[in-house]
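In case you want the letters, here they are:
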Amino acid sequence: MNNLYILGIETSCDETAAAVVKNGTQILSNVVASQIEVHKRYGGVVPEIASRKHVEQITIVIEEAMRQAKLNFSDLSGMAVTQGPGLVGALLIGVEAAKALAFAHSLPLIPVHHIGGHIYANRLVKEMKFPLLALVVSGGHTELVYMKEHGHFKVIGETRDDAAGEAYDKVARVLSMPYPGGPHIDRLAYEGEANIDFPRAWLEEGSFDFSFSGLKSAVINTVHNAEQRGETIKPADLAASFQASVVEVLVEKTVRAVQEYQVNQVILAGGVAANKGLRNHLTKRIDELGNVDLVIPPMNLCTDNAAMIAACGSIFFERGIFADLSLNANPSLDLESFNR
Ligand code: KG4
Ligand code: ZN
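Keep in mind it's a predicted model, so treat the numbers as computed, not measured.

Asks: Looking at this structure, how should I read the overall build of the chain?
Replies: Along the chain, the regular secondary structure elements total 11 helices and 10 strands. The C-alpha atoms of the chain give 20 Å as radius of gyration, which agrees with the globular expectation for 340 residues (20 Å, within 12%). Along the longest, intermediate and shortest principal axes, the C-alpha atoms of the chain span 65 × 45 × 30 Å. Here the chain, with 340 residues, has 55% of them falling under the buried criterion. The long-range fraction of contacts in the chain, counting pairs at least 24 apart against all pairs at least 6 apart in sequence, stands at 75%.

What follows is the structure in structure tokens.
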């Protein structure tokens, strides 16, 4: 069988990324130009600036990915690109670049869902074992996805308001920490005690959905009330209590889903996978179940990158999921629309 070489492009948020993956599992290059420094001064991602930065970076990043992979465009089997979800102006830059390259080099164009990509980052580390469950937690997403086989996704739970990372970033802002605040809270949490009883949003019985906006408001109210009373709360205790609430809900819902869906493997992905509290607690609880495999890809594959898009695109290539040159970015793309 011929080797499959897929070039992936990802521009859904604030990372301009391109990567080449061989046979769906082997990274030949994985180039990421992060815009975090630019957005930091605004305390969050500014969509207009993100689009402009993608335009500046996209060609350089793609050329660098091809150079590192030591391939010519004529060696490629296909072009995979994040079609959505994400910031529409940002997505468009990647989609247009992919279309131009697909047209110029007569390559099949493969549309990829960003969360499908996050899940397929796993395959660059270890072969997937089905059925599996993925917990994708980032600044933009909090989702539990069940997969019975390659390329088939079922979203069994998602956030009804803020994403987990978004809640971290907002709480960090209240504590006057720089953006993105997740890593700062995580660090601080280890110096404090979880002695403030913040709410856990379990939602209706049996629901795998999440909600973090109530928790975020509870943290903000606690800080403001203390200020009004002239009391001081140790920021480390606040961070530890907030983190305990987020981690408990994420982990317990994942464990319940593992049991209900009888999965063989659990994958943790997205930027919040860096969280020490989440990693430790999830590892402990999954270990207790006995026969379930937990995979946490290295951080550079958990955060936004294009190798994950190429990895997911490789499966779509094999399944014949292609787009023509009328492909458009879709900021609210449905993951299940790719199921065949
Ligand atoms: O996946 P990612 O790099 O970008 C997207 O949002 O797609 O995730 C970034 C998010 C930010 O909200 C950041 O605060 C959060 O991941 N994050 C963390 C940690 N490291 C990054 N949240 C909690 N604990 C961490 N250690
Ligand atoms: Zn992401």
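Having seen the structure, we can now continue with the description.
Asks: How do you make sense of the packing of helix α8 (residues 235-261) against helix α9 (residues 276-289) when you look at a structure like this?
Replies: Axis angle and axis distance: for two packed helices, these are the angle between their axes and the distance between the axes, and together they describe the pair. Between α8 and α9, the least distance of the axes is 10 Å, while the angle of their chain directions is 30°. Classified by the angle between their axes, α8 and α9 sit roughly parallel to one another. Once α8 is placed against α9, the crossing between them reads as right-handed. Where α8 abuts α9, its residues Gln243, Val247, Leu250, Val251, Glu252, Thr254, Val255, Val258 and Gln259 lie against Gly277, Leu278, His281, Leu282, Arg285, Ile286 and Leu289. Looking at the contact of α8 with α9 residue by residue, the class counts come to nine nonpolar, five polar and two charged.

Asks: I tried to follow the side chain of threonine 16 on my own but got confused; where do I start?
Replies: Considering the arrangement of structural elements, one finds threonine 16 in strand β2 (residues 15-22). In terms of polar contacts, threonine 16 uses its side chain to reach the side chain of histidine 54, at 2.8 Å. Excluding residues within four positions of it along the chain, threonine 16 makes contact with Glu10, Thr11, Val31, Val32, Ala33, Gln35, Lys53, His54, Gln57, Ile58 and Val61.

What counts and how
Residues numbered from 1 in each chain as written. Chains lettered and ligands numbered in written order. Predicted model: local features only at pLDDT ≥ 70, side-chain atom pairs only at ≥ 80, totals over all residues. Heavy atoms only, no water. Helix = DSSP H or I, 4+ residues; strand = E, 2+ residues; numbered from the N terminus. Rg over C-alpha atoms; globule rule 2.2 N^0.38 Å. Buried < 20%, exposed > 50% of the residue type's maximum accessible area, 1.4 Å probe, protein only. Contact = heavy atoms within 4.5 Å. Axes fitted to C-alpha atoms, helices over the stretch in contact; angles between N-to-C directions. Parallel < 35°, antiparallel > 145°, perpendicular 65-115°, else oblique. Left-handed = near helix turned anticlockwise from the far one by under 90°. Nonpolar A, V, L, I, M, F, W, Y, C, P; charged D, E, K, R; others polar. Polar contact = N/O pair within 3.5 Å; in protein donor to acceptor, adjacent residues only side chain to side chain.

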